[in-house]
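These are the residues of each chain, in order.
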Amino acid sequence: MNGEITFWPSGRSIKVKPGTTLLDAARRANVPIKTRCGGKAACFMCKVTVRPGSELQPISDNERRKLAGMDGSHIRLACQARAAGKVDVEVPLDPLRAAVARQLARQAEEDGNLW
Ligand code: FES
């Protein structure tokens with residue numbers, strides 16, 4: 001059975017073989033996920049949120065150790081989490097884009113209050 005990974009908020013989707021890491025799929029789908037360690041589970045920059053119901057292979061002992069304390073939060077390391085089927089992944093905005101989005105939302109709210 002092949003898998004399909006959809007990245008949010010862009011909605012980009014890509015078909016993958018089971019066992020493909022979320023990071024490899026993101027690269028193939030042209031979805032930017034920051035990394036510094038090259039996928040060695042060392043930098044934590046590739047943290048993503050996996051939506052409930054997503055089909056992933058069991059978490060490895062290494063990734064579980066790295067994410068200690070975040071159990072139940074659906075946060076995974078994109079370089080370690082591997083697809084088993086259909087997966088929906090929330091990719092955090094980079095800090096500059098997030099700041100711009102917040103400013104635009106604030107401005108829209110203020111403009112709306114003028115009427
Ligand atoms: S790429 Fe560094 S922890 Fe995943």
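Up top is the structure these notes are about.
Residues numbered from 1 in each chain as written. Predicted model: local features only at pLDDT ≥ 70, side-chain atom pairs only at ≥ 80, totals over all residues. Heavy atoms only, no water.

Trainee: Break down the pattern of salt bridges for me, with residues and values.
Mentor: This model, assessed by the stated rule, comprises four salt bridges. Across the pair Glu 90 and Arg 51 runs a salt bridge whose closest N-O atoms are separated by 2.5 Å. Taken together, the residues Glu 90 in strand β5 (residues 86-90) and Arg 51 in the loop between β3 (47-50) and α2 (61-66) connect sequence positions 39 residues apart. On the accessibility criterion, Arg 51 (32% relative accessible area) is partly exposed. Notably, a salt bridge pairs Arg 76 with Glu 63, separated by 2.8 Å at the nearest N-O pair. One end of the pair, Arg 76, is in strand β4 (residues 75-77); the other, Glu 63, is in helix α2, with 13 residues separating them in the sequence. Overall, the relative accessible area of 12% leaves Arg 76 in the buried class. (Salt bridge = Lys/Arg side-chain N within 4 Å of Asp/Glu carboxyl O. Helix = DSSP H or I, 4+ residues; strand = E, 2+ residues; numbered from the N terminus. Buried < 20%, exposed > 50% of the residue type's maximum accessible area, 1.4 Å probe, protein only.)

Trainee: Explain the pairing of β3 to me, using residue names and the numbers behind them.
Mentor: Side chains of β3 alternate between two faces, with Val 48 and Val 50 buried and Lys 47 and Thr 49 left unburied. Across three bridges, the pairing between β3 and β4 is antiparallel. When the bridges of β4 are listed, Lys 47 appears paired with Leu 77. Pairing geometry for β3 and β5, over two bridges, is antiparallel. If you follow Val 50 over to β5, its bridge partner there is Val 89. (Pairing = 2+ DSSP bridges.)

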